[in-house]
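Listed below are the residues making up each chain.
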Amino acid sequence: MAQVTLDAVRKIYPNGVEAVTPASFTIEDGEFVVLVGPSGCGKSTLLRMIAGLEEISEGDLSIGDRIVNDLDPADRDIAMVFQNYALYPHMTVRKNIGYGLKNRKTPKDVIEAKVQEAAAILNLTEYLDRKPAQLSGGQRQRVAMGRAIVRDPALFLFDEPLSNLDAKLRNQMRIEIKALQRRLGVTSIYVTHDQVEAMTMADRIIVLNGGKIEQIGTPSEIYHDPASTFVASFMGAPPMNLLAAEMIDRVLVFAGLSVPIWTTARGPVQLGIRPEDLRLDPEGPLQMEVDLVEELGAHRLLHGHIDDQRLTVHLSEDTPVQTGPMRLSCRVDNLCLFDPETGRRLVTALPDAAESPVEAQSETAW
Amino acid sequence: MADITSKFTRSRSLPRVKWSQVVDHAILIAGALFMIVPLLMVLQTTTTSDIETMRHGPSLMIGTELDDNFRKAMFEASGFSGENSGMSMLMNSLILGIGFAVGKIVIGMMAAYAIVYFRLRFATMAFWLIFTTLLLPLEVRILPSYEITQKLGLLNTYTGLIVPLIASATATFFFRQFFRSVPEELVEAARIDGAGPVKFFIDVLVPLSQTMIAAMFIIMFVYGWNQYLWPTMVTTEESMYTLVRGIKQIVQVLEGNEIPQYGRANMLAIIAVIPPVAVVIFFQSWFVKGLTDSDK
Ligand SMILES: Nc1ncnc2c1ncn2[C@@H]1O[C@H](COP(=O)(O)OP(=O)(O)OP(=O)(O)O)[C@@H](O)[C@H]1O
Ligand SMILES: [Mg+2]
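Residues numbered from 1 in each chain as written. Chains lettered and ligands numbered in written order. Predicted model: local features only at pLDDT ≥ 70, side-chain atom pairs only at ≥ 80, totals over all residues. Heavy atoms only, no water.

## Here we look at the environment of A:S62
Residue and element names in this part refer to chain A. Its place among the elements puts S62 in strand β4 (residues 58–63). Of the residues examined, S62 reaches a relative accessible area of 16% and is grouped as buried. For the pair S62 and R183, spaced 121 residues apart in sequence, the C-alpha to C-alpha distance is 24 Å. Excluding anything up to four places from it in sequence, S62 contacts Q3, V4, T5, I67 and V68. (Helix = DSSP H or I, 4+ residues; strand = E, 2+ residues; numbered from the N terminus. Buried < 20%, exposed > 50% of the residue type's maximum accessible area, 1.4 Å probe, protein only. Contact = heavy atoms within 4.5 Å.)

If you want it as structure tokens, here you go:
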């Protein structure tokens, strides 16, 4: 078990690409951290530097109390699970799981006992003598997990381990991995571009964009308090609505909506509203033109526009809806404002309830 | 159900002749005969006495001299020193074929391993240099090769017979292509599992290359077995003769006014054909499996 600390760790590939700009953060002992971001943002690069598969260009990486920059992957006390499993095709499941121990000169009977134990945890006991080609995708993934857990490493690294599985299996494995990590209490870093995995598995999420860390926070912080328009639009399905609005005399004005808000910004701002913070309300201040209703069983999504700005509404109640004009109201205490130029979040506060106009207050109530 | 059965019976009771199939088979049969008949002719002459063969040429008659010819071919020495019986030539050929194939595979694999997996400076250039030696077969460099072999005192030794032929651009090239198709993650997983370069090579790469090795073995064994020019140059002692050489020698020795020993020479020819065929048959299933199975 160990704490992992990155101190201004940076990666420049030989071809000059700066895949990771200096990143500093600390992962606590036993924590499950998810690295998330769009394709090509440097998630794998960061993970592979921690694993020792990629050289660190600058900065210090420590696992536990050692600086491990110059250690071989095998000496870093880590285990890694790869996207395509990377099982040795010619070895049985038993040998695959035990190979790392064998290389560490562990006695045969100890290996066998550990393999059995790992297999029992992962429900693989009956497959121990099969070759990887004779297993299903989920089983192979479990073997890869087994290979990681037999060694009792200080740190688990996962690089999109579930992206080759179908949706159902992915949900199941997600829960299994999370439960296993809880049970073993091993510090884990998990790379994914699936935000559902990120939200559900993480103790903390690190959002990367173009090699830079956009935000580090708990899933709830990331979701409700996005630090930038990038995070706001990346996390959440459907993502946060981002609308061009204006601050006029300490009042936020967007279409028919005007909300008194305290902020330092003046003039144009970006207004962020989560789709579930909008709701149908015949008396509401916003008039939306609904173009499309998406029926998703438990809830529905209305896609449409106000003036020229597209937005999405998440409806969980069972009101009949059709396309066409529709009036909406909005929950104001979850509004986010962003700088339209930099995309960074603006500090805002709602005025005291006593001062706020009746309209806004009644909105807050539901 | 009814439909299906009626269809079956109909197609059975009225076998329609497809002309395209007839043509296909005719071509295949003609090809097979073309390959087999000469062998059968050779085989036939090994069963009759030399006089018979001399008189009638190959015929359809199966004689009674098979045993005798076999005994002469295998155990009776020809030549002057009397040390090159069929047995010893077979032995020499096997040593050459196997040594040649194994040597080429080992060297080719190791060269490819270095080129693919290590960040060597000029690795690409080294590879292409090796590759261009494909343009320099033994025949082109035979004089310098002979001179070096001779100066090292390796004439009439197995080392001299095998080692100068071993460096192989072909094997290196095939193994390089194969190694490059092995997923990167496998290497990384092995590194994390604590397998160093030697362990990775032996524990992972060699077993993965099995089918490739089998394919190479077939090709190289047959190639080595059929070597004629090089063995002729470096072996002067009759005890070092290979089969391919020895057959020629029997015919040579008997160019006087004696009756040529057809039975004996042809028996040796048959014996010379068997091991390569056996190797192909033995490794074939692996070979095909390697080309069709793609679970890496
Ligand atoms: N070996 C390399 N040499 C040069 N550039 C590289 C190398 N590997 C990755 N890159 C670049 O570094 C950047 C980050 O790549 P990385 O693989 O870390 O992305 P990622 O976030 O894991 O993406 P994905 O979600 O698609 O896996 C990319 O722009 C990529 O082109
Ligand atoms: Mg990646």
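## Brief notes about the pairing of strand β2 (residues 18–27) of chain A
Residues and elements named next belong to chain A. Judged from the 6 bridges that link them, strand β1 (residues 4–12) and β2 form a sheet pairing that is antiparallel. For I12, the partnering residue across the bridge sits in β2 and is E18. Between β1 and β2, which pair antiparallel and follow one another directly, the connecting turn spans 5 residues, one of which, G16, has a positive phi of 95°. (Pairing = 2+ DSSP bridges.)

## Some thoughts on the domain arrangement of chain A
Residues and elements named next belong to chain A. Here chain A is described as being made up of domain 1 (4–226) and domain 2 (238–361). Distance from the C-alpha centre of domain 1 to the C-alpha centre of domain 2: 39 Å. Each side of the interface is counted separately: domain 1 has 6 residues, and domain 2 has 7 residues. For the domain 1 face of the interface with domain 2, the top three residues by lost area are E214, Y223 and P226, together amounting to 78%. In this assembly, domain 1 and domain 2 are joined by 2 salt bridges. Of the charged contacts, one joins R344 and E214 as a salt bridge, the two residues approaching to 3.5 Å between their closest N and O atoms. (Domains from an automatic or database assignment. Buried area = accessible area lost by both parts, 1.4 Å probe. Salt bridge = Lys/Arg side-chain N within 4 Å of Asp/Glu carboxyl O.)

## Things to note about the site of ligand 1
Residue and element names in this part refer to chain A. Surrounding ligand 1, one finds Y13, N15, A19, S39, G40, C41, G42, K43, S44, T45, E160 and H193. Between C41 and ligand 1, the recorded distance is 3.2 Å, taken from a backbone N or O atom to an oxygen atom. In the model, an oxygen atom of ligand 1 is placed 3.0 Å from a nitrogen or oxygen of the G42 main chain. Calculation on ligand 1 without its partners gives an accessible area of 640 Å², and the protein chains cover 62% of this total. (Near = heavy atom within 4 Å. Polar contact = N/O pair within 3.5 Å; in protein donor to acceptor, adjacent residues only side chain to side chain. Areas by Shrake-Rupley, 256 points an atom, 1.4 Å probe, with all protein chains shown as cover.)

## A closer look at unusual backbone geometry
Residues and elements named next belong to chain A. Each neighbour pair has its own omega, and for A237 with P238 the value is -5°, a cis peptide bond. Within the fold, P238 resides in the loop between α8 (229–234) and β11 (241–248). Positioned with a positive phi, D152 is a non-glycine residue whose angle comes to about 45°. Note on placement: D152 falls in the loop between α4 (137–149) and β7 (155–159). Backbone geometry places D249, a non-glycine residue, at a positive phi of 55°.

## Observations regarding the pattern of salt bridges
For the structure shown, the criterion picks out 21 salt bridges over all chains. Here A:R300 and A:E295 are joined by a salt bridge, their closest N and O atoms 3.9 Å apart. Since its relative accessible area comes to 54%, A:E295 is described here as exposed. Close ionic contact of B:D68 with B:R71 constitutes a salt bridge, the shortest N to O distance being 2.4 Å. With B:D68 and B:R71 both in helix α4 (residues 66–75) and 3 residues apart, this pair spans about one turn of that helix. The partly exposed category is assigned to B:D68, whose relative accessible area is 28%.

## Concerning the environment of A:L53
With respect to the helices, strands and loops of the structure, A:L53 is situated in the loop between α1 (43–51) and β4. The buried category is assigned to A:L53, whose relative accessible area is 7%. As for A:L53 and A:P73, which are separated by 20 residues in sequence, their C-alpha atoms are 6.5 Å apart. The contacts of A:L53, once residues within four sequence positions are left out, are A:R48, A:P73, A:M80, A:F82, B:E188, B:R191 and B:I192.

## Considerations on the sheet that holds strand β16 (residues 278–280) of chain A
Residues and elements named next belong to chain A. The strand order across the open sheet built from 5 strands is β16-β20-β17-β18-β19, with neighbouring strands paired in antiparallel fashion. Each edge of the sheet is formed by a strand with only one pairing partner; in this case those strands are β16 and β19 (309–315). Across the sheet, the axes of successive neighbouring strands diverge by a mean angle of 45°, strand direction being ignored. Both β16 and strand β20 (residues 324–330) contribute to a ladder of 3 bridges, which runs antiparallel. Counterpart to R279 in the pairing with β20 is S329. (Axes fitted to C-alpha atoms, helices over the stretch in contact; angles between N-to-C directions.)

## Some thoughts on the side chain of A:T92
As for its placement among the helices and strands, A:T92 is situated in the loop between β6 (78–81) and α2 (93–103). Setting aside its immediate chain neighbours within four residues, A:T92 contacts A:L128, A:D129, A:R130 and A:K131.

## Here we look at the packing of aromatic side chains
Residue and element names in this part refer to chain B. With the rule as written, the count across this model stands at 24 aromatic pairs over all chains. Note on F100 and Y223: the rings are 5.5 Å apart at their centroids and 75° apart in plane angle, and the pair reads as edge-to-face. Pair noted here: F100 is in helix α5 (residues 86–117) and Y223 is in helix α11 (residues 197–225), with a separation of 123 residues, a long-range link. Its relative accessible area of 1% is what places F100 among the buried residues. Relative to F118, the ring of Y113 has its centre 5.3 Å away and its plane inclined at 90°; by these criteria the two rings are edge-to-face. A residue is classified by how much of its surface remains accessible, and Y113, at 10% relative accessible area, is buried. Taking the relative accessible area as the measure of exposure, F118 reaches 35% and is therefore partly exposed. (Phe/Tyr/Trp six-rings, centres within 6.5 Å; stacked < 30°, edge-to-face > 60°.)

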